[in-house]
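# Examining the three-dimensional arrangement
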Amino acid sequence: MKNNILIIVLLVLTCQMAVSQTQVSPKISEVTVFSTAAEIKSSAQLTLNQGLTTIVCSDISGNMVMNSLKLNPGEGIEITGFSVESYELQPEKLIPGYKQMVDSIALLNGNLNLLKNRLDSYTIERNLLLSNQEIGGDQNGVTMIELKNIADFYRERILSVNNEITKILDDIKKIEEKISDINIRTSVEMYKYQTSRKRVIIDVNCAAATKGEIELRYLVGRCGWAANYDLIAEEINKPVKLKYNANVLNNSGIDWSNVQLILSTLDPLRGASAPVLTPFYLSYAGDYYYNNYTEQQRYSQSTNAWAVDGNAPGSGEIIDPTQAYENITVSELSTEFRIERKYTIPSDQKPFKIDITEYDLPAEYKYVSIPKMETKAYLLARITGWEKYDLIDGEMNVYYANSYIGVSRLNTNTVNDTLDLSLGRDNKIMITRIKMENYTSKTLLGTNRKESYAYEIVVKNNRNLPVKIEIIDQVPVSQESEIEVGVENISGAEYNNTTGLLKWNTELQPGVTQKYTLAYWVKYPKSKPVQMNRKRSVAAPKF
């Protein structure tokens, strides 16, 4: 009897000490997206018994950064330990068409083996024919008719065998190409759907049976966002409308369904732009200094504007190897944008456009033209106090007067207290720059040569509103003591004798035409030619 009671007590104690287990799939409720990663906030509802319980949280992105995991148990739940392990989903249950691709490869491999068997048999037959070419023997000869028949047989059979081998090799190549194509598509789909997953195993202890919630926060790689803008200017006497957008990338392997989004410039881990004219330095031919135009760094064909390429960042554990990156400029003080509406963003390697906010920016409009390079006027919107808008570098779609101008780039690193946004060319501002032949000459003065140049610049405002415009030109700058440059007429321009730059600033009333004259001369030793024409290189077909 005492033994039975002891057994019952031991059974009760064993039951009380047994660890129960519960399986959950935490639901993602909030995602904070950084430039190259995302922080996931997910939670699961729990019903726990008194005592020890092991909670297995499954279906977590395989791209989780291991040391970023943070657990927040509900009231009455004590965490005694946790671990993380990886596992793989069955591809056929996750990837559409995966089973068909696997079956196709198996079928093609079967056909490939049959072809290789046929190839082996024909190869053996050909070798047999080629190795048995003795006719008759040492004692017995053959007649001419027999020789002809044997020769016909060898020729026809070897030709037939060779043709079959050629056909089989061609069929093998086609099947191998099909297998390779399917393997590539399978690899792409495997990467796209990312079958790797992680599960978090959490050991908890409850003083009493309870219903509660456990929250998980962790970083995942292969995600990020980039700013994208729509700049809309209706007219030069109205404010600029700047729509702040974001392209969000989710390559975590897990869809974000109906989640609260926060876009952040924090680092969790540690065009239609106007050209810029540079100084025109003179020196002797064959040894003259040539300073490349800054706009030649990169010319954007889609925008007919100049921009500067960014540099790719260094790789890290969360960087997506299939995604291109660039360095951008952000404020020292990190910014967060909490998106009002909830979004569903699939994990499909495609950027998802998000509306962040919209600003009406007071702007002062001004035209800038460099007729020496291009007889067009670029309209600039000059914005002050832009820092309060938390702008970061990004591509900008430019619209003016209900027309799409092109793609420019918002570069916040090259401005101080004023932000100049280019709205592209305005064909209603007419500009010409014509050489005045009557004032252009080349003469010899003893041992020197003197060349005189004169240009007339004409600007006309065909708009029905007054416009401010800045015309930029230049005179050459000597870098040799024997080369002299003299300025004869610059029509009151602001002149920088160090760089040679000229600037005319004026306000043109509707329909008004303004003319400027630029005249200068260059004197140099006639025995030392000077490069007087500045050129640039372009790509052209070679025939």
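Residues numbered from 1 in each chain as written. Predicted model: local features only at pLDDT ≥ 70, side-chain atom pairs only at ≥ 80, totals over all residues. Heavy atoms only, no water.

Broken down by element type, the protein chain carries 4 helices and 31 strands. Scored against the burial criterion, the 543 residues of the protein chain give a buried share of 40%. In the form shown here, the protein chain has an accessible surface area of approximately 31,100 Å², with 49% of it arising from carbon and sulfur atoms. (Helix = DSSP H or I, 4+ residues; strand = E, 2+ residues; numbered from the N terminus. Buried < 20%, exposed > 50% of the residue type's maximum accessible area, 1.4 Å probe, protein only. Areas by Shrake-Rupley, 256 points an atom, 1.4 Å probe, with all protein chains shown as cover.)

In a structure, side chains of opposite charge can pair up when their charged atoms sit close to one another. All told, the structure shown has 24 salt bridges when counted by the stated rule. The salt bridge involving R463 is made with E235; its shortest N-O contact spans 3.4 Å. E235 carries the same exposure label as R463, and that label is buried. The closest approach of N and O atoms between D426 and R463, which form a salt bridge, is 2.7 Å. Of this pair, D426 sits in the loop between β22 (418-425) and β23 (429-435) while R463 sits in the loop between β25 (448-461) and β26 (467-474), and the two are 37 residues apart along the sequence. By the burial criterion, D426 is buried, and R463 matches it. Salt bridges linked by common partners bring E30, E39, K41, E215, R217 and R338 together as one network. (Salt bridge = Lys/Arg side-chain N within 4 Å of Asp/Glu carboxyl O.)

Turning our attention to unusual backbone geometry. In the Ramachandran plot, N258 falls in the positive-phi region, its phi being about 55° despite a non-glycine side chain. Looking at where N258 falls in the secondary structure, it is placed in strand β11 (residues 256-264). Owing to a relative accessible area of 47%, N258 belongs among the partly exposed residues under this scheme. A positive phi angle is found at S491, which is not glycine, with a value near 50°. As for its position among the elements, S491 is in the loop between β28 (484-489) and β29 (494-495).

This paragraph deals with the sheet that holds strand β7 (residues 196-206). On the basis of which strands lie adjacent, the open sheet formed by 4 strands has the order β1-β4-β7-β6 and mixed pairing. Here the strands that pair on one side only, and so sit at the sheet edges, are β1 (20-24) and β6 (77-88). Taking the axes of each pair of neighbouring strands and ignoring which way they run, one obtains an average angle of 20° across the sheet. Summarising the sheet, β6 and β7 pair through 11 bridges and their orientation is antiparallel. Residue pairing for β7: S83 is matched across the bridge by I201. (Pairing = 2+ DSSP bridges. Axes fitted to C-alpha atoms, helices over the stretch in contact; angles between N-to-C directions.)

With mixed pairing, 6 strands are arranged side by side in an open sheet as β22-β19-β18-β26-β30-β29. At either margin of the open sheet sits one strand with a lone partner, and together these are β22 and β29. Pairing of β29 with strand β30 (residues 501-508), which is carried by 2 bridges, proceeds in the antiparallel orientation. Counted as the bridge partner of E494 is K503 from β30.

With 89 residues, the main nonpolar core has W225, Y244 and W256 as its most contacted residues. Here this core gets 6 residues from one element, more than from any other, and that element is strand β9 (residues 223-233). Excluding residues within four positions of it along the chain, W256 makes contact with I28, V31, V33, A38, I40, C223, V248, L249, N250, Y343, T344 and I345. By size, the runner-up hydrophobic cluster in this structure holds 14 residues, among which are M101, Y122, I168 and I172. (Core = buried A, V, L, I, M, F, W, Y, C linked by side-chain atoms within 4.5 Å. Contact = heavy atoms within 4.5 Å.)

Mapped onto the secondary structure, Q474 falls in strand β26. Within polar-contact distance, the side chain of Q474 engages the side chain of K372 at 2.7 Å. Every residue in contact with Q474, bar those within four places of it in the chain, is listed here: L277, T278, P279, F280, K372, G500, L501, L502, L518 and R534. (Polar contact = N/O pair within 3.5 Å; in protein donor to acceptor, adjacent residues only side chain to side chain.)

Inspection of every chain in the model, using the stated rule, returns 7 aromatic pairs. Each member of the aromatic cluster is reached from another via a ring pair, and the members are W225, Y229, Y244 and F337. Lying across the ring of Y343, R341 places its NZ or CZ 4.1 Å from the centre. Across the ring face of W521, the terminal group of K450 is positioned such that the distance to the ring centre comes to 4.8 Å. (Phe/Tyr/Trp six-rings, centres within 6.5 Å; stacked < 30°, edge-to-face > 60°. Lys NZ or Arg CZ within 6 Å of the ring centre and 35° of its normal.)

Here we take up helix α3 (residues 98-131). Its 34 residues give α3 an end-to-end C-alpha distance of 49 Å, which sits within 8% of 50 Å, the value for a rise of 1.5 Å per residue. Taken as a whole, α3 has its buried residues at Y98, M101, I105, L108, L112, L115, L119, Y122 and L129. (Expected span 1.5 Å × (residues − 1).)

Right, let's get into the confidence of the model for the protein chain. Counting all residues, the mean pLDDT for the protein chain is 81, and 82% of those residues have values of 70 or more. Under a pLDDT of 50 for its full length, residues 7-17 has, in the predicted model, 0 contacts with residues more than four places off or in other chains. Residue range residues 286-317 is modelled with pLDDT below 50. Its contacts to residues more than four positions away, or to other chains, number 65 contacts. (pLDDT = per-residue confidence, 0-100.)

Here G500 shows up in the loop between β29 and β30. Apart from the residues within four sequence positions on either side, G500 is in contact with D473, Q474, V475, V477 and Y495.

Within the fold, S68 resides in the loop between β4 (51-61) and β5 (70-73). Within the structure, the side chain of S68 is placed 2.6 Å from the backbone oxygen of V65, a separation counted as a polar contact. Residue contacts for S68: discarding those within four places in its chain leaves R217, Y218 and L219.

Attention now moves to the environment of I483. As for its position among the elements, I483 is in the loop between β27 (477-478) and β28. Using a relative accessible area of 4% as the deciding quantity, one classes I483 as buried. For I483 and L282, which are 201 residues apart along the polypeptide, the C-alpha to C-alpha distance reads 8.0 Å.

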